[in-house]
Structures are given as C-alpha cells and as structure tokens.
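Listed below, chain by chain, are the residues.
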Amino acid sequence: MNLTCNTPAKSDLFRAYNLARTAARKGGAFDRQRLNRALGILQTATTGVWAGGFLDYTNEEGKQYRTTLKSCNCPDRAPYGWCKHKLALALIVKIRRMT
C-alpha cells in the first residue's frame with residue numbers, strides 16, 4: 001500500500017468517517033469516541049504524515065507514534081487494539097479505496 005501525504009478532501013474524509021460511524025453503531029470493533037479523535041487527527045493533517053502504509057503522528061506534547069493497521073506504539077491502543085491512530089490510518093485507506 002502506498003499512501004501519499006496529501007490531505008484528503010473534506011467531503012471524502014467525512015464520507016469515510018460516516019461509513020465508519022455506521023459500522024461502529026452496528027457493533028463494530030471500535031468505539032465512536034476513538035473514531036471522533038481519529039477524525040481530529042486527520043483534520044489537523046500537518047501533524048500526521050502517511051506514506052508506505054504508516055501513519056507517523058506527533059502530538060501536542062511532542063510524543064511520536066508510528067502506526068500501521070496492525071500495530072501502534074501508543075498507550076491508547078488498549079483494550080480493543082483500535083487506537084485513534086490506527087483508526088485515522090484506516091480512514092485514509094478507506095478514502096483511497098473510494099476515490
């Protein structure tokens with residue numbers, strides 16, 4: 001997977017977000033609060049860079065996280081394994097598949 005660091009169009013971002021929220025309401029494997037935080041990450045795209053299937057993210061405190069769809073080194077990944085960083089990357093993958 002080769003993702004670029006282009007900021008997704010707002011309409012594409014919200015389309016993917018709404019699809020994910022619908023899935024979460026139907027019993028998805030992640031909670032909606034984490035999905036909301038993932039949306040926030042992507043709306044401040046200057047803090048995240050996605051390329052080669054990774055999301056490199058630096059938060060306001062300067063902590064850096066490297067995320068793939070299978071792993072993330074952040075403390076938010078528990079208890080379900082879907083942290084906001086992985087969800088942000090999943091939204092980017094969904095957008096790329098839709099466009």
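Just above, that's the structure.
Everything numeric here is computed off the predicted structure, so don't read it as measured data. (Residues numbered from 1 in each chain as written. Predicted model: local features only at pLDDT ≥ 70, side-chain atom pairs only at ≥ 80, totals over all residues. Heavy atoms only, no water.)

Quick notes on the pairing of strand β2 (residues 54-58)
The side-chain alternation of β2 yields one buried face, formed by Leu55 and Tyr57, and one unburied face, formed by Phe54, Asp56 and Thr58. Direction of pairing for β2 relative to strand β3 (residues 64-67): antiparallel, over a ladder of four bridges. By the bridge assignment for β3, aspartate 56 is matched with arginine 66. With antiparallel pairing between neighbouring strands as the criterion, β2 and β3 make up a hairpin whose turn holds five residues, including glycine 62 at a positive phi of roughly 90 degrees. (Buried < 20%, exposed > 50% of the residue type's maximum accessible area, 1.4 Å probe, protein only. Helix = DSSP H or I, 4+ residues; strand = E, 2+ residues; numbered from the N terminus. Pairing = 2+ DSSP bridges.)

Brief notes about helix α2 (residues 32-43)
With twelve residues, α2 should reach 16 Å at 1.5 Å per residue; the first-to-last C-alpha distance of 16 Å fits that figure. By the burial criterion, the buried members of α2 are Arg34, Leu35, Ala38, Leu39, Ile41 and Leu42. Buried residues of α2, seen end-on, are gathered within an arc of 155 degrees and therefore sit on one face of the element. The backbone nitrogen of glutamine 33 lies 3.0 Å from a side-chain oxygen of the residue at the head of α2, namely aspartate 31. (Expected span 1.5 Å × (residues − 1). Arc of directions from axis to C-beta. Polar contact = N/O pair within 3.5 Å; in protein donor to acceptor, adjacent residues only side chain to side chain.)

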